[in-house]
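# Structural description and commentary
Next come the chains, spelled out residue by residue.
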Amino acid sequence: MSDLPDQPGAERGHGKRLTVEWALLAAVTTALAAGAGCWFGGRPGCADLIWSVATLVAAVPATAVVVKMLRRGRFGADLIAVLALLGSLAVGEYLAGALIAVMLASGQTLEAYAARRASKDLSALLTRAPRTARRRTAAGQGEVVDLDDVIVGDRLLVGPGEVVPVDGEAEEPAVLDESVLTGESLLVDRARGEAVSSGVVNAGQAFGLRTTATARDSTYAGIVRLAEQANADRAPMVRLADRYATAFLPLALLLAGLSWLLAGDATRAVAVLVVATPCPLLLATPIAIVSGLSRAARHGVVVRDGGGLENLGRATTLLVDKTGTLTAGRPAVTEILAAPDTSRTEVLRLAAAVEQLSPHVLASAIVREATVRGLVNGAATAVTEDPGHGVLGTVDGRRVAVGRLGGETPGWAATVRERAELENVAIVWVTVDEVPIGAILLHDPVRADAPRTVRRLRAAGFRRLIMLTGDRHRAAVEVASHLGLDDVAAECRPADKVERVRAESADAVTVMVGDGVNDAPALASAHVGVAIAAKGATASAEASDAVLTVDRLDGLADTILIARRARRIAVQSASVGMGLSLLAMAFAAAGLLPPAAGAFLQEAIDVLVILNALRVLIDPNRSTALRPDTQELLHHFATEHEFLRDALADLRATADLIAAAPDGPKTFAALERIQRRLIEEILPHEHAEEHRLYPALAGPLGGDTTVGLSRTHVEIDRLAGRIATHLRLADQRRLRQDQIPDLLASLYGLDAVLRLHFSQEEEQVFSLANATPDPRPTPTGQGSSPEPGPARPQR
């Protein structure tokens, strides 16, 4: 990208500053040691000379900084330090001056180190930014072109180990390392047609990429532009420290003047100034803030500056967009329903064959579902699309239509319509030669990590959680109710969102989270705007104060907790340090603390508060991190969930069949089939979770975390056992009339328990390790048994 620097400027600047600070620290420390050698060697004159030079070396740059501030009409904590240095020279307390010089240099070196550490985490994004791409020619070869020359629709070649240069869609299956964006160490498989974000690394064989954005508009470029602004400069809280020092300065000068006036000894005044040097304000606060920025970056959140982090630490109201933020932002197949004598697999296979060439968002969801199940074998021919009605094509010599249903509606289809209305989902009909054979239900699912994130945000101190959305009121209320939000504003235009954000901002410090272009005005109106930039929402990222570089919400909760901890430790460090300094000033004014001893004491205070501020870099929850093998288990069982959804649909269909025709010729066979699926698929999966997954989670999460889930396993076994008993009690493969009520209760009850159990696991357990199901696992096929053994990534 031509607009990116060749090297990360922020890190280069902090590196240069760290070199200078190290040189100054080395010089004054060497001088202090050399002077001590002279003093112990019986040469006090030589010692005073060396110590005075060390004091001057530190005083010159410090004085230059203070003069520059005074010219701007500002003065603060640095002024007291300069007065202490110059006062030490004036009264001949050269050892005290040298100690103050070492104190300032060591503190500034620590600050520069923390700033460089923060900028290193943030500028890691810059160093990975590609500058060229390999574009496929008509002959199939790759030519190297400048990244700015790549346009939407170009076909690129991404070689092994190369960084994906722009956003696009994979033309072949790809194995990617997305850790730079997501923090997830496990490799991720992307199927043909899946979106691939720029900045990730190709960890497999070379694959083709059809670009969907230019370099400037790609995900990585937006993140890089924000990362360039993220630096460790002084934050508003540090300026607040200067304002505290402004109030502290008159007190220090007054106390120093009174001690001089009453005792007639200027040395007492210098001693007061020495211990009044407010290094806890000068150093501890910015170190805590930049350390917080560093940790936030490692959790996938880039915050522009310390001011944004400080406001995150004070916020009590969260406003959040729905689509793409609390929900996945794209439809997903929730269920496939088939007409009598038709299989759900056939309905999905035919629909996907026709929809492969359609750009419609629902078509993408259908094809994606068929790909996961291994049902995409070829595209339809003679495909035509009627916008607003659907797609028509020829598959296996039959005319297949996917879209709306016209003409006379069969009885089973009327039931499907009612079900779609009750569940508030979209419906796509599939017909063969103008005869309806099935329907596919789709919805925009709530993110698996959203419920857990909402709970963590409340625990972090948010008192109001509000959802803003342009979606219909019913859909919005359903999501808000699911997540337990305090309020919801539906059918909002961008201006409506801005108005609501401003209204909430008048009463509390607010955070607005969004991912789309229409969220940009609202993000800019909040005290802190947070954009989900992993989806390439460049406009919202540019308008925000922070971006989530990973398409997950739990990074936001992590950052809120980090911000609160950084602010708490910064205030703690400054308060304790200033309190100790005030106590030392009183002793110095009374003549009980000479300048040199005061300098030693102040040095100890500074080291104490700076080390305390560096605690922000320590993750207090590190012990709860999941082991790689546990993460593999989570991925494995999450993938099995995707296959078992067909078994759940079969369970519900069997219950419906028994309810409608308990004596029908296919009823008993359907019951036997679902019993086999219970024995071969569902129960082995649940038992493997109980004996392999839950024990692995007990260590990092605590044994109580999975107690409720284990109790559900007991209920699943009980209901499955009742169904098996009814099969044994049947008379000559026919169900007795007195069996029907309890059998239906067992079937519908098991269906409800399993669906709830799946949702709970996905929200409470699988979301812990970003356990997104593998998009291309080896299909188990209907009626087959997923292996419940050790989790092996199906890649």
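Each remark here, short or long, concerns the structure printed above.
Reading the values: the criteria
- Residues numbered from 1 in each chain as written.
- Predicted model: local features only at pLDDT ≥ 70, side-chain atom pairs only at ≥ 80, totals over all residues.
- Heavy atoms only, no water.
- Helix = DSSP H or I, 4+ residues; strand = E, 2+ residues; numbered from the N terminus.
- Buried < 20%, exposed > 50% of the residue type's maximum accessible area, 1.4 Å probe, protein only.
- Axes fitted to C-alpha atoms, helices over the stretch in contact; angles between N-to-C directions.
- Parallel < 35°, antiparallel > 145°, perpendicular 65-115°, else oblique.
- Left-handed = near helix turned anticlockwise from the far one by under 90°.
- Contact = heavy atoms within 4.5 Å.
- Phe/Tyr/Trp six-rings, centres within 6.5 Å; stacked < 30°, edge-to-face > 60°.
- Salt bridge = Lys/Arg side-chain N within 4 Å of Asp/Glu carboxyl O.
- Pairing = 2+ DSSP bridges.

Moving on: unusual backbone geometry. Backbone geometry at D341 places phi at a positive 70°, although glycine is not the residue there. Its location among the elements puts D341 in the loop between β12 (332-338) and α12 (344-355). The phi angle at E434 is positive, at roughly 70°, despite the residue not being glycine. Looking at the element boundaries, E434 is found in the loop between β16 (426-432) and β17 (435-443). With a relative accessible area of 77%, E434 lands in the exposed category.

Here the focus is the packing of helix α15 (residues 450-460) against helix α20 (residues 554-589). One can describe the packing of α15 onto α20 by two numbers: an axis separation of 9 Å at closest approach and a directional angle of 15°. One element, α15, and the other, α20, form an angle in the roughly parallel class. Handedness of the α15/α20 crossing: left-handed. Contacts from T453, R456, L457 and A460 in α15 reach D554, L556, A557, D558, I560, L561 and R564 in α20.

So, on to the packing of aromatic side chains. Taken as a whole, this structure holds two aromatic pairs when the rule is applied. A centroid spacing of 5.1 Å and a plane angle of 85° characterise the contact between W39 and F40, whose relative ring orientation is edge-to-face. On the basis of relative accessible area, F40 is assigned to the exposed category, the value being 68%.

The next point concerns the pattern of salt bridges. Between side chains of opposite charge, a pair can form when the charged atoms approach closely. Here the structure, examined in full by the defined rule, presents 41 salt bridges. E346 is the salt-bridge partner of R398, the closest N and O atoms lying 3.1 Å from each other. Note that R398 is positioned in strand β15 (residues 398-403) and E346 in helix α12, a separation of 52 residues in sequence. Its relative accessible area of 29% is what places R398 among the partly exposed residues. Between R456 and D558 there is a salt bridge whose closest N-O contact spans 2.6 Å. One end of the pair, R456, is in helix α15; the other, D558, is in helix α20, and 102 residues separate them in sequence. When sorted by exposure, R456 lands in the same class as D558, which is buried. Three or more residues are tied together by salt bridges with common partners; here these are R344, E369, R373, D646, D650, R673, R677 and E681.

As a further point, take the sheet that holds β16. The six strands are arranged β12-β17-β16-β15-β14-β13 in an open sheet whose pairing can be described as antiparallel. Single-partner strands in this sheet number two, and they are β12 and β13 (381-386). Here the strands of the sheet are splayed against their neighbours by 20° on average, with no regard to which way each runs. As paired elements, β13 and strand β14 (residues 390-395) share four bridges and run antiparallel to each other. Residue pairing in the sheet places D386 in a bridge with G390 of β14.

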